[in-house]
Amino acid sequence: MEAQQSHLWDYLPVILMAIVALGFVVTTLLLTHWLGPKRKTKIKNDAFECGIESQGNARTPFSIKYFLVAILFVLFDVEVIFMYPWAVNFRELGVFGLIEMFTFMGLMIVGLVYIIRKGALKWE
Amino acid sequence: MERNIDIHPKHQPDGFEGQGFFATSLDKAVGLARANSLWPLPFATSCCGIEFMATMASHYDLARFGSERMSFSPRQADLLMVMGTISKKMAPVLRQVYEQMAEPKWVLCMGACASSGGIFDTYSVLQGIDRIIPVDVYIPGCPPRPEQVLDGLLKIQELAKSESTRRRESPEYKEMLNSYGIE
């Protein structure tokens, strides 16, 4: 049996294709920048807000509560997603599945009680 | 068996042709590319917009002319299609959208309202969008039929094809924009 040896030049077509692909992208980008007319005014460079003048800065700080509620929603949303496969295989998994899921949900409920006691969902 | 099929592109620019190649000036090549890939920004405010929807749908199919890609941001649009009544409250918005479009840009004015105010000869309606922005092609009608919209687009394509690549940097162009108070 012949030993299979790979040489760098075996990859030459691949390398060549990569160079051509990259070269095409770079050339096209440069060419369009060079050929295309440009007109930069203050209004042109403003943020586009459907033709209405933009007011204020988009990067203003807002309350952490939004983030907290969003992340907690994702957490418990995923918990519900885990229940779907359990519901589909409810009979096959039997009592073992029931115990496992109740343990899982128990842990999540402990977490829920914890965040409520911590006041994470208090809006005011 | 060898078959000779003569293929003659309908809108071929002047150039040097040989076996398997075609050479033309840069202006014409760029013009061809621009004309056949116009990305419209539909600024539809009333019934002309409904007629435009028919133009975009399968029966009239604007995609045949390379314009199926609607752009709802002026940044990627080449063609501003103003379709419908522009009230005076809307005028600054239209103007802002036009000014924020990237060069080169064309304006297609569809219908009586956008062209002249149409039947709305009142205090609240702009009497033609050419009072605030330069217009390249007007489509008459109230509302125009989709065939007319296609014809208007083809006229814009003619403009795009024949435009010199330096036109947008010329002092005449800047002067024209300045006459509209732009820039």
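Just so we're clear, the structure is a prediction, and the values are computed from it rather than from any experiment.

1. Examining the overall build of chain A
When its secondary structure is counted, chain A shows four helices and zero strands. Counting from the amino terminus, helix and strand elements in chain A follow one another as α-α-α-α. The principal-axis extents of the C-alpha atoms in chain A amount to approximately 75 × 65 × 25 Å. In chain A, which comprises 124 residues, the proportion classed as buried is 0%.

2. Thoughts on the overall build of chain B
In terms of regular secondary structure, chain B is built from six helices and six strands. When the elements of chain B are put in sequence order from the N terminus, they spell out β-β-α-β-α-β-α-β-α-β-α-α. When the 183 residues of chain B are sorted by exposure, 32% land in the buried category. Taking contacts inside chain B between residues at least 6 apart in sequence as the whole, the part at least 24 apart equals 78%.

3. Thoughts on the interface of chain B and chain A
The parts lose accessible area when they come together, and the size of an interface is often stated as this lost area. Facing the 16 residues of chain B at the interface are 11 residues of chain A. Tallied by class, residues from the side of chain B that touches chain A come to six nonpolar, four polar and six charged.

4. Here's the deal with the sheet that holds strand β4 (residues 79–83) of chain B
Residues and elements named next belong to chain B. Across the sheet, four strands lie side by side as β3-β4-β5-β6; this open sheet has parallel pairing. Edge positions in the sheet fall to β3 (40–44) and β6 (137–139), since each of these pairs with one other strand and no more. Across the sheet, the mean angle from the axis of one strand to that of its neighbour is 15°, orientation sign disregarded. Across five bridges, the pairing between β4 and strand β5 (residues 106–110) is parallel. Pairing of Leu79 across the sheet is with Trp106, part of β5. Against the sheet, helix α2 (residues 47–56) makes contact with β3, β4 and β5, and its axis sits at roughly 140° relative to β3, the strand it touches most.

5. Thoughts on the nonpolar core
Nonpolar side chains tend toward joint burial in soluble globular proteins. Of all hydrophobic cores here, the largest spans 36 residues; its most connected members are Leu79, Leu80, Met81, Val82, Leu108, Cys109 and Met110 of chain B. Taken together, the elements giving at least two residues each to this core come down to β3, α2, β4, α3 (91–99), β5, α4 (111–116), β6 and α5 (146–162) of chain B.

6. Digging into the packing of helix α3 (residues 64–88) of chain A against helix α4 (residues 90–118) of chain A
Packed helices, taken two at a time, are described by the angle between their axes plus the distance between the axes. Residues and elements named next belong to chain A. At a closest axis distance of 10 Å, the pairing of α3 and α4 adopts a crossing angle of 170°. With respect to their mutual orientation, α3 and α4 come out roughly antiparallel. Contacts between α3 and α4 involve Leu72, Glu79, Trp86 and Ala87 from the first element and Phe90, Leu93, Gly97, Met101, Met108 and Ile115 from the second. Of the residues contributing to the contact of α3 with α4, the split by class is eight nonpolar, one polar and one charged.

Basis of the calculations
- Residues numbered from 1 in each chain as written.
- Chains lettered and ligands numbered in written order.
- Predicted model: local features only at pLDDT ≥ 70, side-chain atom pairs only at ≥ 80, totals over all residues.
- Helix = DSSP H or I, 4+ residues; strand = E, 2+ residues; numbered from the N terminus.
- Buried ≥ 20, exposed ≤ 12 C-beta atoms within 10 Å, placed from the backbone.
- Contact = placed C-beta atoms within 7 Å.
- Nonpolar A, V, L, I, M, F, W, Y, C, P; charged D, E, K, R; others polar.
- Pairing = 2+ DSSP bridges.
- Axes fitted to C-alpha atoms, helices over the stretch in contact; angles between N-to-C directions.
- Core = buried A, V, L, I, M, F, W, Y, C linked by C-beta atoms within 7 Å.
- Parallel < 35°, antiparallel > 145°, perpendicular 65-115°, else oblique.

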